[in-house]
Amino acid sequence: MKIEEWWARCLIGFGYWLIRLWVRTLRFDLDDRGGVVQAGAQHAFIFAVWHNRLLLLPSVFRRFVSPRHAAALISASRDGGLIAALVERFG
């Protein structure tokens, strides 16, 4: 779903910067039982997270498992379109 409304793009931009600011205030304790961080980029992984952790996932992924490519499965609903646009801003 393409976000075309100006207010939605502003909301996504604001949310992006707000999440980046919020993540800077958090302390992470990484429990890497699966060896994802040490594994090479040629290994593929599937991450499953609770929906209340979804907003942190792009920042955590960028910080700890950076050189890999990622994709997210997000619903095709209107609110899913907003979340998809926000996650896309994180790369």
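Parameters and conventions
- In every chain, residue numbers begin from 1 and rise along the written sequence.
- Given that this is a predicted model, residues contribute local features only at a pLDDT of at least 70 and side-chain atom pairs are listed and counted only at 80 or more, while totals for whole chains, interfaces and linings are drawn from all residues.
- As a rule here, side-chain values come from all non-hydrogen atoms in the structure, and water together with hydrogens is ignored.
- A side-chain nitrogen of Lys or Arg and a carboxyl oxygen of Asp or Glu constitute a salt bridge if their distance falls within 4 Å.
- The rule is simple: take the accessible area with a 1.4 Å probe, protein chains only, and divide by the maximum for that residue type; under 20% is buried, over 50% is exposed, in between is partly exposed.
- Only residues above 30% relative accessible area that lack a salt bridge enter a patch, with like-charged residues linked at up to 9 Å and the nonpolar side chains Val, Leu, Ile, Met, Phe, Trp and Tyr linked at up to 5 Å.
- Note that accessible areas follow from Shrake-Rupley with a 1.4 Å probe, and for residues the cover is restricted to the protein chains shown.
- Going along the chain from the N terminus, every DSSP run of H or I of four or more residues is numbered as a helix, and every run of E of two or more is numbered as a strand.
- To form a nonpolar core, buried Ala, Val, Leu, Ile, Met, Phe, Trp, Tyr and Cys residues must be joined to one another through side-chain atoms within 4.5 Å.
- Computed over the protein atoms alone on a 1 Å grid, cavities are sets of points where a 1.4 Å probe fits but cannot get out and pockets are open sets with protein on both sides within 12 Å along at least five of seven lines; a residue lines them when it has an atom within 4 Å of a point.
- Grid points are joined across faces, edges and corners, and a volume is the space filled by probe spheres set on the points.
- Under the scheme applied here, ten amino acids are nonpolar (Ala, Val, Leu, Ile, Met, Phe, Trp, Tyr, Cys and Pro), four are charged (Asp, Glu, Lys and Arg), and all others, including Gly, are polar.
- Helix axes use the C-alpha atoms of the stretch in contact, all axes being lines fitted to C-alpha atoms, and the angles between their N-to-C directions lie in the range 0 to 180 degrees.
- In what follows, roughly perpendicular refers to angles from 65 to 115 degrees, roughly parallel to angles under 35, roughly antiparallel to angles over 145, and oblique to any angle outside these ranges.
- By the definition used in this description, the sense in which the near helix is turned from the far one sets the handedness, with an anticlockwise turn below a right angle giving left-handed and a clockwise turn giving right-handed.
- Should any heavy atoms of two residues lie within 4.5 Å, those residues are counted as being in contact.

A.B. asks: Teacher, can you tell me more about the pattern of salt bridges here?
C.D. replies: Throughout the structure, instances matching the rule amount to 1 salt bridge. Salt-bridge contacts for D31 lead to R33; the nearest nitrogen and oxygen are separated by 2.8 Å. Across the pair, exposure class does not vary: D31 and R33 are exposed alike.

A.B. asks: Explain a nonpolar patch on the surface to me, please; I cannot follow it from the model alone.
C.D. replies: A cluster of nonpolar side chains, W6, W7 and L11, forms an exposed patch at the surface whose accessible area comes to about 380 Å². For W6, the location among the structural elements is in helix 1 (residues 6-24). The class for W6 is exposed, based on a relative accessible area of 61%.

A.B. asks: Would you mind showing me how to read the nonpolar core here?
C.D. replies: Where a protein is soluble and globular, its nonpolar side chains tend to be buried together. Counting 8 residues, the largest nonpolar core consists of I12, Y16, I19, V23, L56, A85, L86 and F90. Elements that contribute at least two residues to this core include exactly helix 1 and helix 3 (78-89). Sorting elements by how many residues they give to this core places helix 1 first, with 4 residues.

A.B. asks: Any chance you could explain the layout of surface pockets here in plain terms?
C.D. replies: Rolled over the atoms, a probe as big as a water molecule pinpoints where empty space is left. Approximately 780 Å³ is the volume found for the largest pocket. Along the walls of the largest pocket sit 27 residues, with L57, F61, A70, A71 and A72 positioned nearest its centre. Roughly 410 Å³ of volume is contained in the second largest pocket. Forming the boundary of the second largest pocket are 17 residues, of which L30, F47, V49, L57 and V60 lie nearest the centre. Classifying every residue of the lining of the second largest pocket by side-chain character gives 14 nonpolar, no polar and 3 charged.

A.B. asks: Would you mind going over the packing of helix 1 against helix 3 with me for this structure?
C.D. replies: At a minimum axis separation of 9 Å, helix 1 and helix 3 run at an interaxial angle of 50°. On the basis of the axis angle, helix 1 is oblique to helix 3. Read as a crossing pair, helix 1 and helix 3 show a hand that is right-handed. Only R78, L82, A85, L86 and R89 of helix 3 make contact with helix 1, whose side of the interface consists of W7, A8, I12, G13, G15, Y16, W17 and I19.

A.B. asks: Where do I start with the environment of G34 in this structure?
C.D. replies: Relative to the helices and strands, G34 resides in the loop between helix 1 and helix 2 (57-64). A relative accessible area of 60% places G34 in the exposed class. Expressed as a C-alpha distance, the spacing of G34 and F45, which sit 11 residues apart in the sequence, is 9.7 Å.

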